[in-house]
2 protein chains.
Amino acid sequence: MPEIQVVLVNPLYEGNVGSVARVMKNFGFFRLVLVDPCPLSGEAWAMASHARDVLEEARYDTLERVVEESSLVVATTGEVARSVSSPIRMPYFSPRELRSMIAGVDGTVSVLFGRENCGLSNQELARAGIICTIPTSPLYPILNLSHAVGIVCYELAGLERGTYALASPLELESLYAHIDRFLDRVDHPPHKREITLLLARRLLSRAMPTIREVSTIHGLLRRTEQRLGGAIPRNDDDTSPPRGTG
Amino acid sequence: MPEIQVVLVNPLYEGNVGSVARVMKNFGFFRLVLVDPCPLSGEAWAMASHARDVLEEARYDTLERVVEESSLVVATTGEVARSVSSPIRMPYFSPRELRSMIAGVDGTVSVLFGRENCGLSNQELARAGIICTIPTSPLYPILNLSHAVGIVCYELAGLERGTYALASPLELESLYAHIDRFLDRVDHPPHKREITLLLARRLLSRAMPTIREVSTIHGLLRRTEQRLGGAIPRNDDDTSPPRGTG
């Protein structure tokens, strides 16, 4: 299966962290990353039960590092947008849709889960390529953290490792930087810049481009920049050589 | 949707009962039945969080009454048989398969969950028509009780109420009693009696017969008994009139 890691961002209750370790192991997942967690003491170990190993091997890290090392970052949220005009939480996918989206992928997929009281911040959600939400009842939509992790693990269990190598996070960041520069060249209004870039990031991440596809987009942007004439791009930090639009 | 009720048989930890109430409400289920539970005090209410209503309205009852009132009884187990020759735990279905099996049903479906330490007994499993198991990792197959309930509720959420009226539990019991008498008439070996009856019960419950189908089987058995000649059946407690085999 793709390397799936569960990333808990700032979990507040250690019992939940232990329960998450247990349910991960129940479905065959072992890679747990803790970003700024509460201290773990007896209760976490008690709730982990026979999944002490998952808890012991949990990695403490930053969200930046997680994003850097992942081929795909999925953010879970209970709160989704009502409108497609809000790209922070839109469009979103169910865990079952997520399963079919990542089937066949070869790489590291990180699934982020937020705080028990307020989930992931908009800034954290913006780091993700895919937004995932578990369909719940409007009468009480807030799942316990370990239940949410359990349902996602249940859906993602048993995927075969694919052969579909995604463009690396570095290659994608270079593409987003190129798009950012391109927006300058076409005088995109500054106040729309951030939302346009987020939209591009979501759309491209979700499409899960290969390195060949990323390279083609670079080429197309470059060709367009040449035709626009005028100033030379400020910076040429994209890593792939020009190849035209083919 | 069909009336789905979650039945906890002899739960040992009140925190789990509270977590079950919460995750039921998360997926829109409100009917909780407690069979011989541990005492519920503060921890159950704390874990139920905003699902106090589900806990408050939980019914205390016996397994016998639950079976009597249900159109279909589903037993969940983590321990399934390796061989089809053991009909207590075989055949079994995943929660997703269960969803498609009960889609379209009009009636009460009770889903039983056993004790945290040893699940449901063989005797309790024998009361069920359908065995359901959540596919887990062999490295740590034992799910926390509320995680198991959560995943089943997640799968069964949002089913439409069907129009497919099942034969009532009373009608089915009458059919099983008829089959039992029939086994006498054909000199079925006594030591095989119990397992054969369990097999017939599982097979017929799983097929979810209508009253018309139950009546046809009664008729076919009766016709066969007449052709066999000899003693008149001991007891004629089936509720439907003879109709032939059509």
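Residues numbered from 1 in each chain as written. Chains lettered and ligands numbered in written order. Predicted model: local features only at pLDDT ≥ 70, side-chain atom pairs only at ≥ 80, totals over all residues.

Novice: Before we move on, can you summarise the overall build of chain A with the specific residues and values?
Specialist: Within chain A one finds 10 helices and nine strands. For chain A, the proportion of its 246 residues judged to be buried stands at 39%. In chain A, 84% of the contacts between residues at least 6 apart in sequence involve partners at least 24 apart. (Helix = DSSP H or I, 4+ residues; strand = E, 2+ residues; numbered from the N terminus. Buried ≥ 20, exposed ≤ 12 C-beta atoms within 10 Å, placed from the backbone. Contact = placed C-beta atoms within 7 Å.)

Novice: How would you sum up the relation of the copies chain B and chain A? Please name residues and give values.
Specialist: Rotating chain B by 180° about the axis while translating it 0.0 Å along that axis superimposes it on chain A, leaving an RMSD of 0.0 Å. Taken together, the turn and the small shift mark the pair as related by a two-fold rotation axis. Looking at the interface residues of chain B, 100% of them are also at the interface in chain A, so both copies use one shared face. (Least-squares fit on C-alpha atoms with pLDDT ≥ 70 in both.)

Novice: Got a sec to walk through the domain arrangement of chain A? Specific residues and values, please.
Specialist: Often, the extent of an interface is quoted as the loss of accessible area on bringing the components together. Residues and elements named next belong to chain A. In terms of domains, chain A is made up of domain 1 (3-165) and domain 2 (169-228). Measuring from the centre of the C-alpha atoms in domain 1 to the corresponding centre in domain 2 gives 28 Å. Every contact between the two is made by 12 residues of domain 1 and, on the other side, 10 residues of domain 2. A per-class count over the side of domain 1 that touches domain 2 returns eight nonpolar, three polar and one charged. (Domains from an automatic or database assignment. Nonpolar A, V, L, I, M, F, W, Y, C, P; charged D, E, K, R; others polar.)

Novice: So what's going on with the sheet that holds strand S8 (residues 130-132) of chain A? Residues and values would help.
Specialist: One key point about sheets: their strands pair by backbone hydrogen bonds, in either a parallel or an antiparallel sense. Residue and element names in this part refer to chain A. In spatial order, the strands read S3-S2-S1-S7-S4-S8-S5; together these seven strands make up an open sheet with parallel pairing. With one partner strand each, in any of the chains shown, strand S3 (59-60) and strand S5 (92-93) form the two edges of the open sheet. Along the sheet face, helix H1 (residues 14-26) touches strand S1 (3-9) and strand S2 (31-35) and points at about 170° away from the line of S1. (Pairing = 2+ DSSP bridges. Axes fitted to C-alpha atoms, helices over the stretch in contact; angles between N-to-C directions.)

Novice: With reference to specific residues and values, describe the interface of chain B and chain A.
Specialist: Taken together, the contact between chain B and chain A spans 22 residues of the former and 22 residues of the latter. When contributions to the side of chain B that touches chain A are tallied by element, the ones reaching two or more residues are helix H1 (14-26) and helix H7 (145-156) of chain B. Looking at the side of chain B that touches chain A element by element, the count peaks at five residues for H1(B). Tallied by class, the residues present in the side of chain B that touches chain A amount to 11 nonpolar, nine polar and two charged.

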